[in-house]
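Next come the chains, spelled out residue by residue.
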Amino acid sequence: MKILKVAFKLISAILLIAISFILTLNIAKFAIYGEYYKIKDNYCINPGLNHGAVPQGIAVDEDRDIVLTTAYMKDKSASRIYLTNSKNQQKIVSLTKNGKAFTGHVGGISLSGDYAYISDGDRIYKIELSKIQTEDFIEIGEGIKVNNQASFTFADDEYLYVGEFNYADKYICENIIGDYKAICTKYSLDDLTTPVAIYSIRDKVQGFCVTDKGDIVLSTSWAVADSLLYVYRSENIKQSGEYQGVPLYVLETEDKIIKAPAMSEDLSFSNGKVYTMFESACNKYIFGKLFFANKVVGLEI
């Protein structure tokens, strides 16, 4: 009996220490990521975090109150598109390819007009928004091959931007421009086969967006390290020659860096805000749940 009492006291002490530590970190995060929390607003809950989904891509349209997110599944089942809104009403779409479950990484999703664009494995898949809104399973087809590894996307009314992720010896890109190996390619929405411009980008980019002022924002993250948002003001983005026969822009000298919690993913832009989310709160990684990183957030950058 004494042994049980000692064990109970020991476990209770450990739990108390752990809870105190987590509470301390939750208070400290407002100092560590001070600027991030000053410019942050929650839009909705990031769906699927408690059901095995590992979120990757995001597209937000505030005017239509539409949030699209993509996720691959921890259990290797079909990758998904989640449709949600500011009221946290959620719909799930499972993806198929050639009649079989599609289990791709689905690293990015963008929304422009009546179409969504998903990036995965050097291809872009174009899907009608109406299908996402009404169907539970969508056949994505063969997609359109692009000139990079297609890890993330961003779309506005005219263009689709498709970029790749480079890091160390694990994820290697081959577009070597100076110190960088990754690129983000700009396509006209009317022709997703012919680049109109190329941006040379740094390592560990998870997301890319262009604001209504023409500024470019990159989201970078890896594992449990801080996420970093790099901001490039439009007036300082200058052409640096050509690459593959189109204008080249090297995003080398940023105008601002914003430190954010770990595991920021894709970026979107709507009504003056840069939108992102974090995969740290999914069941694969868990630790983000302790810090309430379960929201789609808008940032006034």
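Residues numbered from 1 in each chain as written. Predicted model: local features only at pLDDT ≥ 70, side-chain atom pairs only at ≥ 80, totals over all residues. Heavy atoms only, no water.

Participant: So what exactly am I meant to see when it comes to the overall build of the protein chain here?
Facilitator: Each helix and strand counted, the protein chain has three helices and 24 strands in total. For 301 residues, the compact-globule formula gives about 19 Å, and the C-alpha radius of gyration of the protein chain, at 20 Å, lands near that figure. Each of the three principal axes of the protein chain carries a C-alpha extent, and together these read 80 × 45 × 40 Å. Counting only contacts in the protein chain whose residues sit at least 6 apart along the sequence, the fraction spanning at least 24 positions is 56%. As displayed, the protein chain has an accessible area near 14500 Å², and 54% of this comes from carbon and sulfur atoms. Side-chain charges in the protein chain split into 32 positive and 37 negative, and the spacing between the mean points of these groups amounts to 12 Å. (Helix = DSSP H or I, 4+ residues; strand = E, 2+ residues; numbered from the N terminus. Rg over C-alpha atoms; globule rule 2.2 N^0.38 Å. Contact = heavy atoms within 4.5 Å. Areas by Shrake-Rupley, 256 points an atom, 1.4 Å probe, with all protein chains shown as cover. Lys, Arg positive; Asp, Glu negative; His and termini not counted. Charge placed at Lys NZ, Arg CZ, Asp CG, Glu CD.)

Participant: Explain the pairing of strand β5 (residues 91-97) to me, please; I cannot follow it from the model alone.
Facilitator: Each regular strand shows side chains that alternate between the opposite faces of the sheet. Within β5, five of the seven residues are buried, which leaves the element mostly enclosed by the surrounding structure. As paired strands, strand β4 (residues 80-84) and β5 are joined by four bridges and run antiparallel to one another. Bridged to leucine 83 within β5 is lysine 91. Hairpin remark: β4 followed by β5, antiparallel, with six residues in the connecting loop; positive phi at asparagine 88, about 65 degrees. One ladder, built from three bridges, connects β5 with strand β10 (residues 137-139); its direction is parallel. Within β10, the position partnered with threonine 96 by the bridge is glutamate 139. Counted between consecutive antiparallel strands, the loop separating β5 from strand β6 (residues 100-101) contains two residues, among which asparagine 98 sits at a positive phi close to 55 degrees. (Buried < 20%, exposed > 50% of the residue type's maximum accessible area, 1.4 Å probe, protein only. Pairing = 2+ DSSP bridges.)

Participant: Help me out: how do you make sense of the pairing of strand β7 (residues 108-112) in this one?
Facilitator: Summarising burial for β7: five of the five residues are buried, a large majority. Here β7 shows two buried faces, one formed by Gly108, Ser110 and Ser112 and the other by Ile109 and Leu111. Here β7 pairs with strand β8 (residues 115-120) via five bridges, running antiparallel. Bridging from a neighbouring strand, isoleucine 109 pairs with isoleucine 118 of β8. Once β7 ends, the chain turns through two residues before running back antiparallel as β8, passing glycine 113 with a positive phi of about 65 degrees.

Participant: Which parts of the structure should I look at to understand the sheet that holds strand β12 (residues 152-155)?
Facilitator: To summarise the sheet geometry, strands pair through backbone hydrogen bonds and adopt either a parallel or an antiparallel arrangement. Taken together, six strands build an open sheet; the order of strands is β12-β13-β14-β15-β20-β19 and the sheet is mixed. The open sheet is flanked by β12 and β19 (239-243), the only strands paired with a single partner. Averaged over all adjacent pairs, the angle separating strand axes in this sheet is 30 degrees, with direction ignored. Where β12 lies against strand β13 (residues 159-163), four bridges are found, and the strand directions are antiparallel. Bridge pairing in β13 links alanine 155 to leucine 160. (Axes fitted to C-alpha atoms, helices over the stretch in contact; angles between N-to-C directions.)

Participant: For this particular structure, what's the right way to read the nonpolar core?
Facilitator: Inside soluble globular proteins, nonpolar side chains tend to come together where they are buried. Of all hydrophobic cores here, the largest spans 36 residues; its most connected members are Tyr36, Tyr199, Ile201, Phe208, Ile216, Leu218 and Leu251. When near neighbours in sequence (up to four residues on either side) are disregarded, tyrosine 199 contacts Tyr161, Ala182, Ile183, Cys184, Lys186, Phe208, Ile216, Tyr249 and Leu251. Leu83, Ile118, Tyr125 and Ile140 belong to the second-largest nonpolar core, a separate cluster that totals 19 residues. (Core = buried A, V, L, I, M, F, W, Y, C linked by side-chain atoms within 4.5 Å.)

Participant: Can you walk me through the pattern of salt bridges in this structure?
Facilitator: Between side chains of opposite charge, a pair can form when the charged atoms approach closely. Taken as a whole and judged by the stated rule, the model has eight salt bridges. A salt bridge links aspartate 136 to lysine 91, with the nearest nitrogen and oxygen atoms 3.8 Å apart. With a gap of 45 residues between them, aspartate 136 in the loop between α3 (129-134) and β10 and lysine 91 in strand β5 connect regions that are remote in the sequence. Taking the relative accessible area as the measure of exposure, aspartate 136 reaches 46% and is therefore partly exposed. What you see here is one network of salt bridges that share partners, running through Asp122, Arg123 and Lys145. (Salt bridge = Lys/Arg side-chain N within 4 Å of Asp/Glu carboxyl O.)

Participant: Just checking my understanding: could you explain the environment of leucine 218 for this structure?
Facilitator: Mapping leucine 218 onto the fold places it in strand β17 (residues 216-220). With 17 residues separating them in the primary sequence, leucine 218 and isoleucine 201 have C-alpha atoms 8.6 Å apart. Sequence-distant contacts of leucine 218, that is, excluding residues within four places in its chain, are made with Ile201, Arg202, Val205, Gly207, Phe208, Leu228, Leu229, Tyr230, Tyr232, Leu251 and Leu267.

Participant: What am I meant to see in unusual backbone geometry here?
Facilitator: Note: most peptide bonds trans; most residues except glycine with negative phi. Although it is not a glycine, asparagine 88 adopts a positive phi angle of roughly 65 degrees. Residue classification places asparagine 88 among the partly exposed residues on the basis of a relative accessible area of 31%.

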